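Residue strings, one per chain:
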Amino acid sequence: MIPTSWLLVSSLDEAYLDITNVCKQRGITSGEIAEELRTSVNEETGLPCSAGVGPNCLLAKVCSDMNKPNGQFILPNDWLAVMTFISSLPIRKVFPEGKYWEPKRR
């Protein structure tokens, strides 16, 4: 059983979209779709909008925090790219319980 604290929690100002088919149908990249969405949100609300594109929801969430505010980060759906990206992050960025797994600093 997966601990409930590992579940991806989203708030009122977050959305997760599987854009795989849209990219194929329109013949554009995930980055282009993210840019369109960010621009639309900004034009309609006047608010900045950050976007993260990744192979799954958890990675997309981490990516969305990379270029805030009003930026985007695309993580390719490639094993080496994902491993390189994850290994560069503190564990608490990837796993909610990360603070308990990180070495204690004195």
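Every value quoted in this text rests on a predicted model; they were computed, and no experiment measured them. (Residues numbered from 1 in each chain as written. Predicted model: local features only at pLDDT ≥ 70, side-chain atom pairs only at ≥ 80, totals over all residues. Heavy atoms only, no water.)

As for a nonpolar patch on the surface
Put simply, the test is: Patch membership requires over 30% relative accessible area and the absence of a salt bridge. Like charges are linked within 9 Å, and nonpolar side chains (Val, Leu, Ile, Met, Phe, Trp, Tyr) within 5 Å. Accessible surface area values rest on a Shrake-Rupley calculation with a 1.4 Å probe, where residue burial reflects the displayed protein chains alone. A pair is scored as a salt bridge if a Lys or Arg side-chain nitrogen falls within 4 Å of a carboxyl oxygen belonging to Asp or Glu. Numbering goes from the N terminus for both helices and strands, where a helix is a DSSP run of H or I of at least four residues and a strand is a run of E of at least two.
Where nonpolar side chains cluster on the molecular surface, the patch consists of Trp 79, Leu 80 and Met 83 and spans about 370 Å² of accessible area. Mapped onto the secondary structure, Met 83 falls in helix α4 (residues 79-87).

Some words on the side chain of Arg 38
Our working rule: A simple rule labels every residue: compare its accessible area, found with a 1.4 Å probe on the protein chains alone, to the largest value its type can have, and call it buried under 20%, exposed over 50%, or partly exposed in between. Note on definitions: a residue-residue contact is assigned when non-hydrogen atoms from the two residues lie within 4.5 Å.
Turning to its location among the elements, Arg 38 is positioned in helix α2 (residues 30-45). Assessed through its relative accessible area of 9%, Arg 38 is described here as buried. Once residues lying within four places of it in the same chain are set aside, the contact partners of Arg 38 are Cys 49, Ser 50, Ala 51, Asn 70, Gly 71 and Gln 72.

Considering α2
Here is the rule we go by: What a helix is expected to span follows from its residue count: subtract one and scale by 1.5 Å. Comment: arc refers to directions from the helix axis out to C-beta atoms.
The terminal C-alpha atoms of α2 lie 22 Å apart, and with 16 residues this matches the ideal 22 Å at 1.5 Å per residue to within 8%. Restricting attention to buried positions, one finds in α2 the residues Ser 30, Gly 31, Ile 33, Ala 34 and Arg 38. Burial along α2 is one-sided: seen end-on, the buried residues are contained in an arc of 165 degrees. Residues of α2 that are exposed and point over 90 degrees away from its buried face: Glu 43 and Glu 44. Within two residues after α2, Gly 46 carries a phi angle of roughly 80 degrees, on the positive side.

Regarding the nonpolar core
Put simply, the test is: Put simply, buried Ala, Val, Leu, Ile, Met, Phe, Trp, Tyr and Cys residues joined by side-chain atoms within 4.5 Å make one nonpolar core.
Formed by Leu 59, Val 62, Cys 63, Leu 75, Val 82, Phe 85 and Leu 89, the largest nonpolar core amounts to 7 residues. Elements that contribute at least two residues to this core include exactly α3 (57-64) and α4. Sorting elements by how many residues they give to this core places α3 first, with 3 residues.

Focus: the side chain of Ser 30
Locating Ser 30 in the fold gives a position in helix α2. Discounting residues that sit within four places of it in the chain, Ser 30 has contacts with Ile 19, Cys 23, Val 53 and Ile 74.

Points about the pattern of salt bridges
Taken as a whole and judged by the stated rule, the model has 4 salt bridges. Across the pair Lys 61 and Glu 14 runs a salt bridge whose closest N-O atoms are separated by 2.6 Å. On the criterion of sequence distance, the pair formed by Lys 61 in helix α3 and Glu 14 in the segment before α1 (20-26) is long-range, its members being 47 residues apart. For Arg 38, the salt bridge goes to Glu 35, with nearest N and O atoms at 2.8 Å. Taken as a pair, Arg 38 and Glu 35 lie in helix α2 at a separation of 3 residues, close to a single helical turn.

Note that every value here comes from positions in space, so none of it alone points to a role or purpose.
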